[in-house]
Number of protein chains: 2
Amino acid sequence: MKRRSTPTKEAVIAVLNASTRAMSQEAIEQKIEIEIDRATVYRALNQFCTDGIIHKIVADDGKQYFAVCKKCDVEALPDNHFHFRCTKCHTIECLSSLINFSLPKAYAVEKFNCVLVGTCGNCA
Amino acid sequence: MKRRSTPTKEAVIAVLNASTRAMSQEAIEQKIEIEIDRATVYRALNQFCTDGIIHKIVADDGKQYFAVCKKCDVEALPDNHFHFRCTKCHTIECLSSLINFSLPKAYAVEKFNCVLVGTCGNCA
DNA sequence: TTATTATTGCGATTATGTTGCAATAATACA
DNA sequence: TGTATTATTGCAACATAATCGCAATAATAA
């Protein structure tokens, strides 16, 4: 399916580009000036995920968070880094440290969803 | 609050003890012989979590999974290991490999929620 | 056996995310 | 520029997971 550039999609990606943190749909919607329906935001986010422009993290609070793929090596394994969820300021951050692990034989990893939970530097 | 031993709680913990995998509420309910209300199962599970008997993983499908703490060093950091979610057999497994990470200064980790997603040995 | 109160089942509720559908608007092309 | 095509949107409805209030029940201590 071809992509079209729309005010909605530009607003969503602009907010994510301006953020150093991963954001929930709710947080994104609050940052956007214009009124956009929830479903539309989710559709834009899912499309960006499909296109490899952003990635999705599901945190231990069960919610989806989205962040632009800055350091993600999509060619290799997507999203191969830890995330940090701060329980005080309610943000999720992409950490630079890569994920090292060892797997039993014949196991194959396709993607990662790794979140460390605690308090971040700002809140310490 | 004092704890009471009830058929429900015994059934729930028995199912988890007999399983090598982490299980969702739904899966647990299916394994139990007697009829137990969903809310009751969740209440038992949350109580076990509070008491440090089991731990909870939220997978990238947004669902909660529960497993008995066998190797968990609750004294140190709880749940300090990776989990593996197989997209074919829909199970979640506790891996033995511990989580190594480096954090920016002043960050403090309280708990982990790390899931690797792919296909497990049985399904390869 | 009785009193206390933890636990249960039921229904209702919350929250997050998705989907169907008709209306709208971005793009390509004559 | 005007027109056709179809991606996108908004709205409402839906789906699912998990929680909560409350009255009834049952485990424990005395």
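- Under an unreviewed UniProt entry, chain A has the name Fur family transcriptional regulator, ferric uptake regulator and belongs to Pedobacter quisquiliarum.

## Quick look at the protein's contact with DNA strand C
- The full set close to DNA strand C counts 23 residues, and Arg38, Tyr42 and Gln64 of chain A together with Thr6 and Lys9 of chain B are the nearest of them.
- For DNA strand C, the backbone makes up 61% of the atoms found within 4 Å of the protein, where backbone means sugar plus phosphate.
- Measuring from a phosphate oxygen of DNA strand C, one finds a backbone N or O atom of Arg4 of chain B at 2.8 Å.
- For the surface near DNA strand C, the secondary structure elements donating two or more residues are helix H3 (38-50) of chain A together with helix H1 (7-18) and helix H3 (38-50) of chain B.
- Looking at the surface near DNA strand C, the element that brings in the most residues is H3 of chain A, giving five residues.
- Looking at the surface near DNA strand C residue by residue, the class counts come to five nonpolar, seven polar and eleven charged.

## Points about the UniProt feature "binding site: Zn(2+)" (unreviewed entry) in chain A
All names here are of chain A.
- Here the UniProt-annotated "binding site: Zn(2+)" (unreviewed entry) positions come out as Cys86, Cys89, Cys120 and Cys123. Across 38 residues, the annotated set stays spatially compact, with a maximum C-alpha separation of 8.2 Å.
- Along the chain, Cys89 turns up in the loop between strand S4 (81-86) and strand S5 (91-98).
- Once you skip the residues sitting within four places of it in the chain, Cys89 turns out to touch Arg21, Cys120 and Cys123.
- Non-local contacts of Cys123, meaning those with residues more than four positions away in its chain, are made with Cys86, Lys88 and Cys89.

## Things to note about the pattern of salt bridges
- Enumeration over the complete set of coordinates arrives at ten salt bridges over all chains.
- Residue Lys111 of chain A pairs with Asp60 of chain B through a salt bridge whose shortest N-O separation is 3.5 Å. A residue pair is termed interchain when its members come from two chains, as with Lys111 of chain A in strand S6 (residues 108-119) and Asp60 of chain B in the loop between strand S2 (54-58) and strand S3 (64-68).
- Its salt-bridge partner being Arg21 of chain B, residue Glu93 of chain B comes within 3.7 Å of it at the nearest N-O pair. One end of the pair, Glu93 of chain B, is in strand S5 (residues 91-98); the other, Arg21 of chain B, is in strand S1 (residues 21-22), with 72 residues separating them in the sequence.

## Some details on the relation of the copies chain B and chain A
- Superposing chain B onto chain A requires a rotation of 179° together with a translation of 0.0 Å along the rotation axis, leaving an RMSD of 0.1 Å. These values place the two chain copies in the arrangement generated by a two-fold rotation axis. Closest approach to the rotation axis within chain B is made by the C-alpha atom of Cys114 of chain B, at a distance of 1.9 Å.
- Of the interface residues in chain B, 100% have counterparts in chain A that sit at the interface too, so the contact is made through matching surfaces.

## Comments concerning the state of the cysteines
Residues and elements named next belong to chain A.
- Per the stated rule, a full pass over the model turns up zero disulfides over all chains.
- No disulfide involves Cys120; its sulfur sits 3.8 Å from the nearest other cysteine sulfur, which is in Cys86.
- Using a relative accessible area of 0% as the deciding quantity, one classes Cys120 as buried.

## Description of the pairing of strand S2 (residues 54-58) of chain A
Residue and element names in this part refer to chain A.
- Counting buried residues along S2, four of its five residues qualify, which places the element largely inside the surrounding structure.
- Looking at chain direction, S2 and strand S3 (residues 64-68) are connected through five bridges and run antiparallel. Looking at S3, one finds that Lys56 is bridged to Phe66.

## Describing the side chain of His81 of chain B
Residues and elements named next belong to chain B.
- Checked against the element boundaries, His81 lands in strand S4 (residues 81-86).
- Relative accessible area serves as the criterion here: at 8%, His81 is assigned to the buried category.
- Among the polar contacts made by the side chain of His81, one reaches the side chain of His83 at a distance of 3.2 Å.

## Looking at the sheet that holds S5 of chain A
- Read across the open sheet, the eight strands follow the order S1(A)-S5(A)-S4(A)-S6(A)-S6(B)-S4(B)-S5(B)-S1(B); overall the sheet is mixed. Two strands bound the open sheet, and with one partner strand each, they are strand S1 (21-22) of chain A together with S1 of chain B.

Cut-offs used in this document
- Residues numbered from 1 in each chain as written.
- Chains lettered and ligands numbered in written order.
- Predicted model: local features only at pLDDT ≥ 70, side-chain atom pairs only at ≥ 80, totals over all residues.
- Heavy atoms only, no water.
- Near = heavy atom within 4 Å.
- Polar contact = N/O pair within 3.5 Å; in protein donor to acceptor, adjacent residues only side chain to side chain.
- Helix = DSSP H or I, 4+ residues; strand = E, 2+ residues; numbered from the N terminus.
- Nonpolar A, V, L, I, M, F, W, Y, C, P; charged D, E, K, R; others polar.
- UniProt positions renumbered as here; feature names shortened; annotations may be inferred.
- Contact = heavy atoms within 4.5 Å.
- Salt bridge = Lys/Arg side-chain N within 4 Å of Asp/Glu carboxyl O.
- Least-squares fit on C-alpha atoms with pLDDT ≥ 70 in both.
- Disulfide = S-S within 2.5 Å.
- Buried < 20%, exposed > 50% of the residue type's maximum accessible area, 1.4 Å probe, protein only.
- Pairing = 2+ DSSP bridges.

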